[in-house]
Amino acid sequence: MTNASDFNLDAELDETDDWDSDEFESGYADEPDPEEDEPTVGAMELAERHALRRVASLRTELEDITEVEYRQLRLERVVLVGVWTEGSVEDAENSMAELALLAETAGSEVLEAIYQRRQTPDPATYVGRGKVDGIREIVQATGADTVVCDGELAPSQLRNLEDRLKVKVVDRTALILDIFAQHAKSREGQAQVELAQLNYMKQRLRGWGGNLSRQAGGRVAGGAGIGGRGPGETKIETDRRRINTKIAKLRRELTAMRGTRDTKRAERRRNHIPAVAIAGYTNAGKSSLLNRLTNAGVLVEDSLFATLDPTTRRTTTSDGRVYTMSDTVGFVRHLPHQLIEAFRSTLEEVADADLILHVVDGSHPDPEGQLAAVREVLAEIDATKVPELVIINKADAADPMVLARLRQREPHSLVVSAKTGEGIREALEVIEADLPRPGVEFHALLPYERGDLINRLHQQGEIDSMEHTADGTVVRGRANDDLAGELAAYAVAGA
C-alpha cells in the first residue's frame, strides 16, 4: 500500500531540471481529438433509427391492476406459418428463417414457426383446415398477437384465417411493405412505398361487423354521402374510390420525380460517364461495399432492407477516368410485384448501368438461392443484357468450401470482405477493366493553350502515351466520338 507521503508529485516535478511544460502540452496537442471527427450521414441516420427501440422481455405487468393504471410498450408477438410446396427441406427451413428475420426487422418477437408440406396452398385457408386448429392452439398457448404467413394471401384466405384464429393475420407481402415504410427516408422513396401499400390494400378492403357495407345516401347525417356517386354507394366503394384518387396523385408525383432522375441520367450519358450499379440480395453488404469503394459514408446496419433510397457517388479510376457507382434497393425471394412496379424508376438505374456489381452473401446458408432470386428480378426490369460482375462478400465469415464452389459456379466473380477490406483492391482493378472503353483511336498534337482537352482526355478517354514537345503535347489514345471529333482538328499528319 502506498502512503501519500511516499509519493509527492510536486516535489518530483520541482527536482526535474529538464522539465519543459511547453513540450509536454504540445505532445498532447499534436494528437487528433477523436471527438472532433464529424460523423458520416449513415452514422447519423443509424443513430436516429436506434433513438427509440422497443425491447423484449422487460415485462412490468401486475397481477392485480384494480388500483393501478399502466401502459405497456412491447414487441408484437408473432407465430410464423409456411407452406412447403417444392424444393428440399433445407429450402423450406431457409425460407422460414428469412421470414423470421423479416418479422424481427419489422419489430416483432417470433414465438413459434410451423410449416406444412402440400402440393399447393389451400385456396380457403392457405394451410390445411385441420392444421388451422393446431395453429389456433399454438396462438392461445403462446399468447401471440399476430400470425405471419410465408406467402401472399388472397383476401378470402386472410378473412377465413382471422375468423378462425381470432388474431390478426398478415402475409409476407404486407410484412415487407411494413419494413419499407419504416426505412424509407427520401420523398421519392416514401411515395413509392405508399403507392405499393395502396395497391396492396385496395383489393383487401373489408370491415369488422359489416361496417364497410353500409349505404350512404345524399342526405345522410354528417354529410358523409356528399361527393359520392349517388344514393346507395357503400362505404367500401367510397374508400376504394379515395384510394384510387390517392394512387393517381402519387403516380403523378412519381412521374415528376422520375423526370428529374432522367435528366441527371441524360447528363451523365451526354458526358459519357460510365455508370456502375451495385445490386444484390438484402443484407448482402451492398452499402458496406459502396463505403469501401468510394468512402460514401452511407448507413450500414445488420438488418434486412436497412437502406432503400439509392445513393450515387462519383469516383475515378486509377488512370483518372470518371465514373459513377450507385447503391440500389435490396432484393428478396418473392419480392412483391407492387414494390417492383412502384420502385421501377429506381430500379431503372440498374437496367441503364454499364456494369452491375452483383453482391452475394458468401456466409448465407443458400447463396445460390440469393443469386437466382436477384436475377429473377433483374429479368423483370430488363437488366439481363448488362455485363455482370459477381462479388462474393463476407469472406471473413464464409466457409472456404462454399467460396470455392461459388467461384467455380460463377467464373466472372471475386471474393471480398467489405468489413476487413480483403479483395477490395483487386475488385477495383476488375471494375476498371470491365468499364466500357472509348471506341475511337487518335494521335494528336495539342497546343499548350488547349489544356482543357488534356483534362477531358484524362476524365473521359484513355491516354496510351503523352510527349511534350516544342510545338505542343503529342498524345495517343482512345476517346469517345464527340471528343475524337474535337481532336480531329489537331490530328498528326500521316497517323
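Residues numbered from 1 in each chain as written. Predicted model: local features only at pLDDT ≥ 70, side-chain atom pairs only at ≥ 80, totals over all residues. Heavy atoms only, no water.

J.: Explain the pairing of strand β14 (residues 462-468) to me, and be specific about the residues and the numbers.
T.: In this structure, β14 lies alongside strand β15 (residues 473-479), joined through six bridges in antiparallel fashion. Paired with E467 across the strands is V474, a residue of β15. Where β14 hands over to β15, the hairpin turn is made up of four residues, of which G472 adopts a positive phi near 155°. (Pairing = 2+ DSSP bridges. Helix = DSSP H or I, 4+ residues; strand = E, 2+ residues; numbered from the N terminus.)

J.: Tell me what's going on with the confidence of the model for the protein chain, and back it up with residues and numbers.
T.: A low pLDDT score tells you not to read the predicted coordinates there in detail. In the predicted model, the protein chain carries a mean pLDDT of 79, and the fraction of residues at 70 or more is 79%. Per-element mean pLDDT across the protein chain ranges from 42 in helix α1 (residues 9-15) up to 94 in strand β11 (residues 388-393). Contacts for the low-pLDDT stretch residues 1-31, under 50 throughout, to residues beyond four places or in other chains number three contacts. Here residues 60-73 scores under 50 on pLDDT; set against residues more than four positions off or in separate chains, the count is six contacts. (pLDDT = per-residue confidence, 0-100. Contact = heavy atoms within 4.5 Å.)

J.: Go over the sheet that holds strand β1 (residues 76-84), please, and point to the residues and values.
T.: Strand order in the open sheet formed by four strands is β2-β1-β3-β4, with parallel pairing between adjacent strands. Across the chains shown, the open sheet's two edge strands, defined by having one partner strand only, are β2 (108-117) and β4 (168-171). Direction aside, neighbouring strands of the sheet carry axes that sit 25° apart on average. Alignment of β1 against β2, held across nine bridges, turns out to be parallel. Directly across from V83, in β2, lies its bridge partner Q116. Against the sheet, helix α5 (residues 129-142) touches β1, β2 and β3 (146-149), its axis set at about 160° to β2. (Axes fitted to C-alpha atoms, helices over the stretch in contact; angles between N-to-C directions.)

J.: So what about helix α4 (residues 89-106)? Which residues, and what values?
T.: Helix length check: α4 (18 residues) gives 26 Å between terminal C-alpha atoms against 26 Å at 1.5 Å per residue, within 8%. Of all the residues in α4, the buried ones are A92, N94, S95, M96, E98, L99, A100, L102, A103, T105 and A106. Where α4 is buried, its residues contact β1, β2, β3 and α7 (172-183). Directly after α4, the chain includes G107, whose backbone phi takes a positive value near 105°. (Expected span 1.5 Å × (residues − 1). Buried < 20%, exposed > 50% of the residue type's maximum accessible area, 1.4 Å probe, protein only.)

J.: An account of the pairing of strand β8 (residues 311-316) is requested, with residue identities and associated values reported.
T.: Relative to strand β9 (residues 322-327), β8 runs antiparallel, the two being bridged by six bridges. When the sheet's bridge partners are listed, R314 is paired in β9 with T324.

J.: Any details on the packing of aromatic side chains? Residues and values, ideally.
T.: Aromatic ring pairs are defined here through the distance separating the ring centres and the angle between the ring planes. This structure, assessed with the given rule, holds one aromatic pair. Both rings, one in W84 and one in Y115, keep their centres 6.4 Å apart while their planes meet at 75°; by these two values the pair is edge-to-face. Placement of W84 in strand β1 and of Y115 in strand β2 is noted, with a sequence separation of 31 residues between them. The exposure class assigned to W84 is buried, which follows from its relative accessible area of 16%. (Phe/Tyr/Trp six-rings, centres within 6.5 Å; stacked < 30°, edge-to-face > 60°.)

J.: Describe the pattern of salt bridges, and please don't skip the residues or the numbers.
T.: As enumerated under the stated definition, the model contains 19 salt bridges in all. R405 is the partner of E368 in a salt bridge, and the nearest nitrogen-oxygen pair spans 2.7 Å. Linking E368 in helix α13 (residues 367-380) with R405 in helix α14 (residues 400-409), this pair joins segments that are 37 residues apart in sequence. Note on R405: relative accessible area 39%, which makes it partly exposed. Shared partners join several salt bridges into a network, and the residues in it are E98, D150, R172, R333 and D366. (Salt bridge = Lys/Arg side-chain N within 4 Å of Asp/Glu carboxyl O.)

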